[in-house]
Structure formats: C-alpha cells, structure tokens
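Observations on the model geometry
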Amino acid sequence: MSSSRNFSRRQFLTTAAGSTAASVLARPAIASASANLFGATRSFDLGISGDLLPWRDQGVINTSRSPYAKLHGVPVHAVTIEEGFWYKRRKTNVEKSIPTMREELESHGRMNNFRRLVGKSSAPQIGPYFSDSDIYKWIDAVGWALQSGDRPELHRITDSMIHDVVAIQEPGGYLNTYYQGDRASLRMSQHDQEVGHEMYCLGHMIQGAIAYYRATGDTTLLDAGMKMVDGFVIPNYGPGPNQKPIISGHPEIEMALIELYRTTGKKQYVDLAGHILHGDDRWKIDPHRIVYMFCGVPFTTRTKLEGHAVRAMYACCGATDYYLETGDPAYWKTLNTLWEDLTRRQMYVTGGVGARAQWEAFGDPYELPNAQAYGESCAAIGNLMWNWRMLAASGEAKFADVVERALYNGINSGMSLDGTTYCYRNPLAFDPSSGDKIRNPWYDVTCCPPNIERTFSSLPGLFYSTSKDGLYVHLYDNSLLDWHLEDGTPIKVQQRTNYPWEGEVRMTVTPANAREFTLYVRIPWWAEAASVAVNGKAQSGARAGEYLAMRRNWKPGDVVSLNFPMTTEVLAANPRVAENRGRVAVRRGPIIYCMEQIDQPNGVSLADVSLALDSKSGGEFQSEYKPDLLDGIVVLHHRGGVLETSSATEALYGPVSLATPKTRQENTTFIPYYVWANRQSCAMEVWVPYMRT
Ligand SMILES: [Zn+2]
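Residues numbered from 1 in each chain as written. Predicted model: local features only at pLDDT ≥ 70, side-chain atom pairs only at ≥ 80, totals over all residues.

**Quick look at the overall build of the protein chain**
Put simply, the rule is: For helices the rule is a DSSP run of H or I covering at least 4 residues; for strands it is a run of E covering at least 2, with both sets numbered from the N terminus onward. Radius of gyration means the value over C-alpha atoms here, while the globule rule gives 2.2 Å times the residue count to the 0.38 power. By the criterion used throughout, residues are in contact when their C-beta atoms, derived from the backbone, lie within 7 Å.
When helices and strands are tallied, the protein chain shows 17 helices and 24 strands. Relative to its length of 693 residues, the protein chain is compact, with a C-alpha radius of gyration of 25 Å against a globular reference of 26 Å. Dimensions along the principal axes, computed over C-alpha positions, put the protein chain at roughly 80 × 70 × 45 Å. Relative to all contacts within the protein chain whose residues are 6 or more apart in sequence, the contacts with residues 24 or more apart total 71%.

**Observations regarding the sheet that holds strand β15 (residues 558-563)**
To keep things clear, this is the line we draw: For two strands to count as paired, DSSP must find a minimum of two bridges between them. Each axis is a line fitted through C-alpha atoms, taken for helices only over the stretch in contact, and angles between the N-to-C directions span 0 to 180 degrees.
With respect to topology, seven strands assemble into an open sheet ordered β2-β8-β9-β10-β15-β12-β13, the strand pairing being antiparallel. Each edge of the open sheet carries a strand with a single partner, namely β2 (79-81) and β13 (537-539). Neighbouring strand axes in the sheet, compared pairwise and without regard to direction, differ in orientation by 20° on average. In the sheet, strand β12 (residues 531-534) pairs with β13 via three bridges, with the strands oriented antiparallel. Bridging from a neighbouring strand, Val-532 pairs with Gln-539 of β13.

**Structural notes on the confidence of the model for the protein chain**
Rules: Looking at any residue, its pLDDT shows the predictor's confidence there, from 0 to 100.
For the protein chain, mean pLDDT is 92; residues scoring 70 or higher make up 92% of the total. When the criterion is pLDDT under 50, residues 1-49 qualifies, and its contacts beyond four places in sequence or with other chains add up to 81 contacts.

**What about the environment of Gly-196?**
Stated precisely, the cut-off is as follows: With C-beta atoms placed from the backbone, the exposure class of a residue follows from how many other C-beta atoms lie within 10 Å of its own: 20 or more, buried; 12 or fewer, exposed; in between, partly exposed.
With respect to the secondary-structure elements, Gly-196 resides in the loop between α7 (190-195) and α8 (198-216). Using a count of 25 C-beta atoms within 10 Å as the deciding quantity, one classes Gly-196 as buried. Placed 18 residues apart in sequence, Gly-196 and Tyr-178 show a C-alpha to C-alpha distance of 9.0 Å. Not counting residues up to four positions away in its chain, the partners in contact with Gly-196 are Tyr-129 and Gly-249.

**What about the packing of helix α6 (residues 152-166) against helix α9 (residues 220-236)?**
When two helices pack together, their arrangement is given by the angle between the helix axes and the distance between those axes. Under the convention used in this document: Between 65 and 115 degrees an angle is taken as roughly perpendicular, under 35 as roughly parallel, over 145 as roughly antiparallel, and anywhere else as oblique. Working rule for handedness: look at the near helix, and if it is turned counterclockwise from the far one by less than a right angle, call the crossing left-handed; if clockwise, right-handed. Think of it as three bins: nonpolar holds Ala, Val, Leu, Ile, Met, Phe, Trp, Tyr, Cys and Pro, charged holds Asp, Glu, Lys and Arg, and polar takes everything else, Gly as well.
It is at 9 Å that the axes of α6 and α9 come closest, and there the two elements cross at 25°. Considered as vectors, α6 and α9 are oriented roughly parallel to each other. Between α6 and α9 lies a crossing whose hand is left-handed. Contacts between α6 and α9 involve Ile-162, Val-165 and Val-166 from the first element and Thr-220, Leu-221 and Ala-224 from the second. Grouping the amino acids of the contact of α6 with α9 by side-chain chemistry returns five nonpolar, one polar and no charged.

**Examining the packing of helix α15 (residues 377-394) against helix α16 (residues 397-411)**
Where α15 contacts α16, the axes come no closer than 8 Å and their chain directions differ by 160°. Classified by the angle between their axes, α15 and α16 sit roughly antiparallel to one another. The hand of the α15/α16 crossing is left-handed. Contact with α15, carried on its side by Ser-377, Ala-380, Ile-381, Asn-383, Leu-384, Asn-387, Trp-388, Met-390, Leu-391 and Ser-394, involves Phe-399, Ala-400, Val-402, Val-403, Ala-406, Leu-407, Gly-410 and Ile-411 of α16 and no other residues of that element. Residue composition of the contact of α15 with α16, by class: 13 nonpolar, five polar and no charged.

**Quick look at the nonpolar core**
Quick note on the threshold: Put simply, a nonpolar core is a cluster of buried Ala, Val, Leu, Ile, Met, Phe, Trp, Tyr and Cys residues tied together by C-beta atoms within 7 Å.
Residues Leu-221, Met-313, Val-403 and Val-521 are the most contacted members of the largest nonpolar core, which totals 211 residues. Ignoring sequence-local partners within four residues, the contact set of Val-521 consists of Val-473, Val-532, Tyr-547, Leu-548, Val-560 and Leu-562.

**Details of the domain arrangement of the protein chain**
Applicable threshold: Boundary definitions for the domains trace back to an automatic or database domain assignment.
Along its sequence, the protein chain is carved into domain 1 (9-23 + 70-462), domain 2 (464-563) and domain 3 (568-692). Computed over C-alpha atoms, the centres of domain 1 and domain 3 are 35 Å apart. Facing the 22 residues of domain 1 at the interface are 24 residues of domain 3. The element that contributes the greatest number of residues to the side of domain 1 that touches domain 3 is α16, accounting for four residues. The residue makeup of the side of domain 1 that touches domain 3, split by class, is 11 nonpolar, six polar and five charged.

**A closer look at the sheet that holds strand β11 (residues 515-523)**
Pairing is mixed across the open sheet formed by five strands, whose spatial order is β1-β6-β7-β11-β14. The strands lining the two open edges of the sheet, one partner per strand, are β1 (72-73) and β14 (546-554). By the bridge criterion, four bridges tie strand β6 (residues 464-467) to strand β7 (residues 470-473) in an arrangement that is antiparallel. Directly across from Ser-465, in β7, lies its bridge partner Tyr-472.

**What about helix α11 (residues 268-278)?**
Of all 11 residues making up α11, eight are buried, and the element is well covered by its neighbours. For α11, the full list of buried residues reads Tyr-269, Val-270, Leu-272, Ala-273, Gly-274, His-275, Ile-276 and Leu-277. Its buried side turned inward, α11 meets α9, α10 (253-264) and α13 (309-326). The positive-phi residue at the C-terminal boundary of α11 is Gly-279, with phi of around 90°.

**A short note on unusual backbone geometry**
Cis rather than trans, the peptide bond between Tyr-499 and Pro-500 has omega equal to 5°. If you trace the backbone, Pro-500 turns up in the loop between β9 (490-497) and β10 (504-511). Phi is positive for Glu-360, close to 50°, though the residue is something other than glycine. If you check the backbone angles, Ala-677 has positive phi at about 60° while not being a glycine. Position of Ala-677 among the secondary structure elements: in the loop between β22 (663-672) and β23 (684-685). Judged by C-beta crowding, with 21 C-beta atoms within 10 Å, Ala-677 ranks as buried.

**What about the pairing of strand β8 (residues 479-484)?**
Two elements, β2 and β8, share three bridges in a ladder whose sense is antiparallel. Residue pairing across strands places Ile-81 opposite Ser-479, the latter belonging to β8. With six bridges joining them, β8 and β9 adopt antiparallel strand pairing. Note on β9: the bridge partner recorded for Leu-480 is Gln-494. Taken together, β8 and the strand that follows it, β9, pair antiparallel across an intervening segment of five residues, in which Gly-488 is found at a positive phi of about 95°.

See below:
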C-alpha cells in the first residue's frame, strides 16, 4: 500500500507545510464584487421545485423524494432528546465544545485565511490546504444544533463568519482560501485534484450550508456553494468534450452534490456526482493513488475496502446517495459487497475502522491491531453516515446496528466528557509509556473535532424514520418525537428509559387520531431474549437484529413496552485477528467495555491480569451503576487472575510450560470504552486475556 507518492493528511503537514508557511498572501479584494451579492443575510425558500419539503422539515439527509429510499428521516427539530444518556453529552457539545472549537479555529488563524483575502487581516495563510473544511464542518455542527433551539449569540457569530467566508468568492464562483491569491494557477490541476482537497472543501461548504439552511432558512452560504458549482465546476469540469476531467482526491463532494440536489431539485448535481463516482479515464492515475483515494476508477469495480479509511467511507456514502436517487443495481451490489467486507473483516468491535496509522488506511483482512489501531474518529463517523444511508435504502436493521455500535463506542470515545478535548485516533489498547497524548484540544489537522460535534448535533435526526406504511424507531433514549406520518397524521412518541444502562423502554404512541399503520421497533443485534408488549399484551416475533413490525390500529396513548435484557456478554474475535487470540472483549447492551489500570486493585499491572471465565458464556459479572463516576456509568466487576510472578521480571524467551500459570484471584473492573482516558493517562485494553476456571 505504501507509496511515497501517496499523501495522508497528517503526512502532508511534514511535506507541504513548509511551502504553505512560506507563501505570501497577495491578492486583496474581490470583496466589492461579492459584497453586493452576499452582503446581507438572505432568508427564504429556494423555491425551485414546488414539491420539495420546506427547508426546516428536511432530515439530516433529505430522502423525502429519493425514489430508492424506503425510509425517510425526520428533521432534527422533530425529536427532543430529554434528560438521559445523550442529553448531557449534547448539552456539553453545544455549550462547551462548539464555542471552544470556534475559539481554537480563530486562534489558529483559520478564519483569518478568509479575511486576509479581502484585506481584513494581515495574517499569513496558515494550516493545511483543507483548513477551510474545518470552518465548514463547524458551521455544519452549528446548523444542526440550532435546529434543537435557537441560540442567538451562536447564530449571530455564525452569520458573521459566513459573511467573512462568502466575501472572498470570486465573480466566477471560485472560493477556496488556499487556492486564491498566489496559488490560483494551481487550481484543479491533476496533481491538485488528487491531493489538494478543493472539491473536498467545496463538499463540506455545501454540507455546512445545507445544515445551516435547514436550521435558519438562511441561504447565504448555500448560494455561495451553488455559485461555485454552477459557475465554476460544471461549466469547466465533467465528461463533455469542452470540459476537463474531475476526480475526487478525497471523496466528500459526491454526497454533498446529491444533498444539494435534494435541497434544490437541480438534477445536474446528481449527474456530476455520478460522473465523479465513475471516474474519468482521460487521466492516468497512479494505481497506488487509486487505492489510497478510493476514487479514479468506477466505484462499481471496487470489491474491498482499502486505502485511506475516511476517503473510503465517504466514497461509500456518496455512492449510496447516488443509488438512493438512481437505483443503479451495480451500485447496490458493490455497496453490499463492501459492507460484507467491512463487517466480516475490517471493523473494530467499537465500530471504528481504519487499522493502519500509515496512510490512515484499512489494513489487510483481519488486520485489526489494538494499541496500534488508528481508528480515526472521522472514519467511525463515516461508518455511521454510510450505514445511515444503507438503512434508508433498505430498511434493514443490520445497518442501524452498525450506526448504534459506532455511535456509542468508536465515535463517542472521540470527545472527552468535558467536551473540550478530542481523540484523533481511537486505539483499543494503550500503554502510557508510549508518551502519546490521546486527547487534545487542537490538532493541526483538526478534521475530527468538528466532525464529532456535527454528529452529536444531528443525533436527534437519527432516532426515527417514516416509511409509506408507518414509523421506524432506530435508537432509544428519553425523547419526544413530534412529527407526522407520511399520510399527514400528526404523531407524538414519548420514550422513557434508562437505556443503555437498563434495557426497558416505554414508548407512548399518540397519533392525532386512531390510525392504522405499522410501527417498526428495532431489536438490537445483541438483544437475544428481547420482548415486546403493546398495552401489556405480549407481541410475538421479536428477533435480535431485526425490526419488529407491528401493524394495527394505533390509538392515542397506546403503550409499547420493550425489554432488551442487559446481560453482559464476553465476545471472541475471529481467530484470524492475530492480536485477539486468547483474548476476549466485554459487551453490555450496545456498550463495549475496557479495563483501565486506575480501576484495578493497587499494585496490579494490567499486563498481568486475565479474566477468569467459567464454563458459562461470559461467567458472572456484577454490574453497578455509579452516578458520580465519569458522568454516570455502569461499571462491571468480575473475577480475574493476576500472575504471581510479574511478567516484567520474566525473560523475553524461555522454555514453554504447559502448566497453568500461578495466579492469585483479584476483582477486576471494567468501564465503558467511550469514557477511557478521562482521568489520568494509564494503561487500557479492550481485548483482555482470559483463563478458564
Ligand atoms: Zn478526522
């Protein structure tokens, strides 16, 4: 895989940052031209197609008119998440994470990159060439957050930032701080399309603009995104004889273009996305880059996940969006082939993906190291976004199960509990002697922090979908849905639960009037003995990993009682995952657990601990809810064996002994993986050795 001609974003910093820093800003002012167009906040419907949903009612992805979508998301504002598991996390996100991230972006010059181009800042261009995307992802996070309630100060600051962004747009539509000024001649060359992230930045601008539009109706940024596509991209790039090739060096533009179509009704955006997904054979691309970029050959020729993990996940998102609009069966076949590869050979138990630090890439099949795991937060988010789209296409619970797995574990781990520091990589084991500081407030490549923020902001939009025949329930937490069925019947659904710590969920279903429809409730893959009752009457057919479809005449106040037994299970990995031989992971409900050194008895080194399992699967765990520990978690205790002779004193090699090693019994403690590294730097492991007792 490795090739000196490939770039990862982090490696870019060491190779190209020098030239970045050395560049001199030059070009002042295209401001006067753009000020007239974009000087004032605009707020109105785009009015392009009469049957588009009103802007405020469009979901996280708006599949309301997608002909191959079985499910249609509800808007973020339709679901109010109430006191419970996600409430505090989201409150911290909007009150701490989003504001402190804006300060970080400002103090690291990311907004001055825009202001300098119109003479409002004398600071030099700073940061890698995709730095604009961090601003857009932050605006994306704000957009979804404002759908859960207006925040005038945040709204005002974001408006002001958007004005600074659009002020640099050239009359022809081009907008990218890195390629305006003295680098203008480099724009969209083959080299820069491969590594320069111009289309990636445009994609994030469009996504951020759409989120902000769906919250506020403000089209200022959206107009700028459309102007760049309509005025600069489409006239110059595409399959036509007078157009130049276009490729996606970092996939992202594909899903953004299709969402732009869903927002405006302009079909040409789908066509352009399809062309990019197909690849352009007028350019010869280095085979290593075709792997690394997950772009450059027809998407439908892919047979496995490889290359840069975030790129691959985003390409899959775009390809699924393309399928949702076109129904091209070759895409659906490829997407399912890749999904099988993901879930059978490439995904961490946490829902994280991308094993290798080198090139931030997928490894070989079953190459899933623990301490060396890369598991970039953005890749887990890409995994969630892709599975959300596959779910929309199919209505199959297996995709929602991956959404839940990634959300509670591999994404949730990426932000500290206080909301101010972030993981770039999410390893499954940690040795503090490595000196690695795993959570940081800022990264020069700061893709992950605002990506996590936008995921938490948009979370209410992932709880439910509607379909022609009813309503799907995907996620469980205290919440109120206030929306309507597709026949227009208003409906409210109130969830009451202590999920994920307890498995009972009480749902009160209140259509405006009695109405026959199907309520689909997701039975998680791990809930083997799940039971469901309606108004106290047991319902048959609940199977783990499927939706239970209940068609009936639903009346206001009907109560659905779900019970997902919260047993603790010990998981084994496929023997081909070399590092996990002789080890197990612990899962309770959707939560994957880990051991941190700090929780173990004094003097016990994690390296010397084994979990003592009896013949019953999983042995006996005691669970204990600790409201004051790590914002309230269920900890697990279990018997363990600690080596009598510390492994630190053993020789590196010695004759094999078939005798059971001498151990003393100790009580071991497990905490949810997502809260690791929130106290002090100490050893951690998800996959724990076990001994049979
Ligand atoms: Zn990232």
